[in-house]
Amino acid sequence: MINEEAELLNLNKLQSGDPEELTKMVHQFSDPIYRVALRMLNDPAEAEDVLQETFIKALRSLKKFEGRSKLSTWLYRIAVNESLMLIRKRKPEIPITQDDNDDQDNAGISVSQIVDWCCLPESEFLSNETREVLNAAIQKLSENLRTVFILRDIEGLSIIETSQALELTETNVKTRLLRARMKLREELSVYFGEKLTEY
Amino acid sequence: MEKHLHCKEFVESISNYVDGDLSEELCAELDKHLSECENCRIVVNTLKKTIDIIHEQAENEKIPEGVKDRLFYRLKLEQFKK
């Protein structure tokens, strides 16, 4: 999650290429940009490529940044686009995974797992195994759902910021977020439902 | 006549509900439904827990130091990296 309040950046200095200010920007935003790329691609080497390309492009285009969105939102947009380009390169014959229902209204949401696993010990939720199950579930989401989910729920952008970063309407962001969250809840419910039998 | 909310309608609003992004009126309707429907209570609680787990897992993720070094080198900013 980016904390832009932690260290305010001087846009004039950034745009004039002040290396110390640019360094501050890279320090501030490299963690979240790497995290987004890693979650999008699930490959550390590709995530590093995206990280580098994002900042190279940003440094090149900073002069054109008009401040209509936050600097972080702008960087996220570049990183998401770079990640999607890499995904396309990986499988050029296959279009970006889209679920035809991603942007439909919320009427088609189904719920199949009604298991109350909230009572499990906290250590279960923080285990490495849970992390792996969650990562695998995130990778199963279509790119449309995954990008919205990563920006909103992992990076903590608001609905408006997510819609700006992805150039989507707020309604589409909310619809995709609902679908992504419900799919992940279902996956975790299957996993934790089995765990419940061990207690 | 009081509107009776169904589980299907509840699920359609569940994401906005956990984000606190609903009108007071709709929120009250959902609260009422939740007090009467155990299945929806389970769904909302496990959804909240899912989001909590995601936040907790993501909180401490940092970029590996080597990756950061190579980034500064590529940007020709390595001499400014403290």
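**Topic: the interface of chain A and chain B**
Each partner contributes to the interface: chain A provides 38 residues, whereas chain B provides 30 residues. Mapped onto the side of chain A that touches chain B, the elements with two or more residues apiece are helix 2 (19-41), helix 3 (44-61), helix 6 (128-140), helix 7 (143-154) and helix 9 (170-196) of chain A. Classifying every residue of the side of chain A that touches chain B by side-chain character gives 22 nonpolar, six polar and 10 charged.

**Quick notes on unusual backbone geometry**
Even without being a glycine, Glu167(A) presents a positive backbone phi close to 55°. Mapped onto the elements of the fold, Glu167(A) is located in the loop between helix 8 (159-166) and helix 9. For Glu167(A), a count of 10 C-beta atoms within 10 Å translates into the label exposed. At Lys76(B), a position not held by glycine, the phi torsion is positive, near 60°. Inspection of the secondary structure puts Lys76(B) in the segment after helix 4 (65-74). Its 11 C-beta neighbours within 10 Å are what place Lys76(B) among the exposed residues.

**Section: helix 1 (residues 7-18) of chain B**
Spanning 12 residues, helix 1 of chain B covers 15 Å between terminal C-alpha atoms, matching the ideal 16 Å at 1.5 Å per step. Of all the positions in helix 1 of chain B, only Phe10(B), Val11(B), Ser13(B), Ile14(B), Ser15(B) and Tyr17(B) are classed as buried. Tucked inside the fold, the buried residues of helix 1 of chain B contact helix 9 of chain A together with helix 2 (24-36) and helix 3 (38-59) of chain B.

**Digging into the confidence of the model for chain B**
Confidence in the prediction of chain B, expressed as mean pLDDT, is 87, and 91% of residues score 70 or more. Element-level pLDDT for chain B is lowest in helix 1 of chain B, with a mean of 89, against a maximum mean of 95 in helix 4 of chain B.

**Some details on helix 2 of chain A**
Of all bends in helix 2 of chain A, the biggest is about 45°, found at Phe29(A), and the proline Pro32(A) comes one to four residues later. Positive backbone phi, at 55°, marks Asn42(A), one or two positions downstream of helix 2 of chain A.

**A word on the packing of helix 2 of chain A against helix 4 of chain B**
In contact at an axis separation of 11 Å, helix 2 of chain A and helix 4 of chain B are set at 125° when each is read in the N-to-C sense. Judged by the inter-axis angle, helix 2 of chain A sits oblique to helix 4 of chain B. Between helix 2 of chain A and helix 4 of chain B lies a crossing of right-handed hand. Between helix 2 of chain A, through Val26(A), Ser30(A) and Tyr34(A), and helix 4 of chain B, the contact on the second element is made entirely by Val67(B), Lys68(B), Leu71(B) and Phe72(B). Considering only residue class, the contact of helix 2 of chain A with helix 4 of chain B consists of five nonpolar, one polar and one charged.

Conventions used here
- Residues numbered from 1 in each chain as written.
- Chains lettered and ligands numbered in written order.
- Predicted model: local features only at pLDDT ≥ 70, side-chain atom pairs only at ≥ 80, totals over all residues.
- Contact = placed C-beta atoms within 7 Å.
- Helix = DSSP H or I, 4+ residues; strand = E, 2+ residues; numbered from the N terminus.
- Nonpolar A, V, L, I, M, F, W, Y, C, P; charged D, E, K, R; others polar.
- Buried ≥ 20, exposed ≤ 12 C-beta atoms within 10 Å, placed from the backbone.
- Expected span 1.5 Å × (residues − 1).
- pLDDT = per-residue confidence, 0-100.
- Bend = angle between axes of the 7 residues up to and from the residue.
- Axes fitted to C-alpha atoms, helices over the stretch in contact; angles between N-to-C directions.
- Parallel < 35°, antiparallel > 145°, perpendicular 65-115°, else oblique.
- Left-handed = near helix turned anticlockwise from the far one by under 90°.

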